[in-house]
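One-letter residues, chain by chain:
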Amino acid sequence: MQLSNPFKTLLFALVALAAMCMGRSLAPAQNQSNPAAEAKSQACPNDDSGLQLPAGFCATVFADDIGHARHMVVAPSGVLYVNTWSGRYYGNDTPHASGFLVALQDKSGGGKADVIERFGETVQSSGAGGTGIGIYKGSIYAESNDRIVRYSLPASSIVPGGSADTIVSGLPMGGDHPMHPFVINAEGLMYVDVASATNSCQLKNRTLKVARRRPLHGT
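Calculation notes
Residues numbered from 1 in each chain as written. Predicted model: local features only at pLDDT ≥ 70, side-chain atom pairs only at ≥ 80, totals over all residues. Heavy atoms only, no water. Helix = DSSP H or I, 4+ residues; strand = E, 2+ residues; numbered from the N terminus. Salt bridge = Lys/Arg side-chain N within 4 Å of Asp/Glu carboxyl O. Buried < 20%, exposed > 50% of the residue type's maximum accessible area, 1.4 Å probe, protein only. Phe/Tyr/Trp six-rings, centres within 6.5 Å; stacked < 30°, edge-to-face > 60°. Core = buried A, V, L, I, M, F, W, Y, C linked by side-chain atoms within 4.5 Å. Contact = heavy atoms within 4.5 Å. Pairing = 2+ DSSP bridges. Axes fitted to C-alpha atoms, helices over the stretch in contact; angles between N-to-C directions. Polar contact = N/O pair within 3.5 Å; in protein donor to acceptor, adjacent residues only side chain to side chain.

Peer 1: When you look at unusual backbone geometry in this model, what are you seeing that I'm missing?
Peer 2: Even without being glycine, Arg 206 reaches a positive phi, approximately 55°. One can find Arg 206 in the segment after strand 10 (190-192). Positioned with a positive phi, Lys 209 is a non-glycine residue whose angle comes to about 60°.

Peer 1: Even after reading the chapter, I still don't get the pattern of salt bridges, so can you show me in this structure?
Peer 2: Any two side chains of opposite charge can pair, so long as their charged atoms come close to each other. Considering all chains together, one arrives at four salt bridges under this definition. Residue Arg 147 is joined to Asp 146 by a salt bridge in which the shortest nitrogen-to-oxygen separation is 4.0 Å. Put simply, Asp 165 and Arg 150 hold a salt bridge, and the shortest N to O gap is 3.7 Å. One end of the pair, Asp 165, is in strand 8 (residues 165-168); the other, Arg 150, is in strand 7 (residues 147-152), with 15 residues separating them in the sequence. Judged by its relative accessible area of 28%, Arg 150 is partly exposed. One salt-bridge network, held together by shared partners, links Glu 121, Asp 146 and Arg 147.

Peer 1: Honestly, the packing of aromatic side chains in this entry has me stumped. Any pointers?
Peer 2: Two aromatic rings, taken as a pair, are described by how far apart their centres are and by the angle between their planes. Scanning the entire structure with this criterion turns up two aromatic pairs. On the basis of an interplanar angle of 80° and a centroid distance of 6.3 Å, the ring pair of Tyr 81 and Phe 119 is categorised as edge-to-face. You can see Tyr 81 sitting in strand 2 (residues 80-85) and its partner Phe 119 sitting in strand 4 (residues 115-119), a full 38 residues away along the chain. Geometrically, the ring pair formed by Phe 119 and Tyr 151 is edge-to-face, given 5.4 Å between the ring centres and 85° between the ring planes. You can see Phe 119 sitting in strand 4 and its partner Tyr 151 sitting in strand 7, a full 32 residues away along the chain. Tyr 151 matches Phe 119 in its accessibility class, with the two residues each being buried. A network of ring pairs unites the aromatic residues Tyr 81, Phe 119 and Tyr 151 as a single cluster.

Peer 1: Just to check I follow, could you spell out the nonpolar core for this structure?
Peer 2: Soluble, globular proteins show a tendency: their nonpolar side chains are buried together. Formed by 15 residues in total, the largest nonpolar core has its most connected members in Tyr 81, Leu 101, Ala 103, Phe 119, Ile 133, Tyr 151 and Ile 158. The set of elements that each furnish at least two residues to this core consists of strand 3 (101-105), strand 4, strand 6 (139-144) and strand 7. Discounting residues that sit within four places of it in the chain, Phe 119 has contacts with Tyr 81, Gly 99, Phe 100, Leu 101, Val 102, Ala 103, Tyr 151, Val 159 and Pro 160. Counting residues in hydrophobic clusters, the runner-up holds six residues, among them Leu 80, Val 82, Val 102 and Ala 113.

Peer 1: Help me out: how do you make sense of the sheet that holds strand 6 in this one?
Peer 2: Here four strands make up an open sheet; going across it, the order is 5-6-7-8 and the pairing antiparallel. With partners counted over all chains shown, the strands left at the sheet margins are strand 5 (133-136) and strand 8, one partner each. Mean inter-strand twist for the sheet, computed between neighbouring axes without regard to direction, equals 30°. When strand 7 meets strand 8, the two strands line up antiparallel, connected through three bridges. Each residue of the ladder has a partner; that of Ile 148, found in strand 8, is Val 168.

Peer 1: I keep staring at the environment of Lys 137 and nothing clicks. Help me out?
Peer 2: Of note, Lys 137 is situated in the loop between strand 5 and strand 6. C-alpha separation for the pair Lys 137 and Gly 188, spaced 51 residues apart in sequence, amounts to 8.9 Å.

Peer 1: For this particular structure, what's the right way to read the side chain of Asp 176?
Peer 2: Among the structural elements, Asp 176 can be located in the loop between strand 8 and strand 9 (182-184). For Asp 176, a relative accessible area of 8% puts it in the buried group. Among the polar contacts made by the side chain of Asp 176, one reaches the side chain of Asn 205 at a distance of 2.7 Å.

Shown next, in the form of structure tokens:
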């Protein structure tokens, strides 16, 4: 049977494609890529964390010596905001001289904060820092002593220029956990933790081998 020219061309193309596929399947195994091995062989250029991580993961120390970092939140701009704290749990050590709230920004993309600015209450203003921090509609909310305050962020700066507005005040400061972490949901409702009287309900708080108090109702 004589084949027409168009059919001959199509048949030749199919034969060539099959040959290419067969050649690839018979290629030596060492020529095939191994993503896991390649990821493992690629060293992290700035890996200074000291952490043991799975292949393909890197970690860098983003910021150091900023104080006792408690909670943090990331703004849509990529700026990281941290609430720091000082107090009896840290041996009443000397806190940072500037504000307890810290704004950290990585402008170079190298995995480290090359811009660090502080704001908020200081030791001089009778501040001691806090734990809770959040962002809602362009403002920073932060715990400070027995209050939760709000700072408005200008468009031209990563730190507020004015003073804070008090949103909540008179929160409990006694007990073993006086901090007030909080969250703000999408509707703007704030949920605040008001701390606890003891660490784990021991008869003598934070003492080794001391039993806990029995529940009042046997539950």
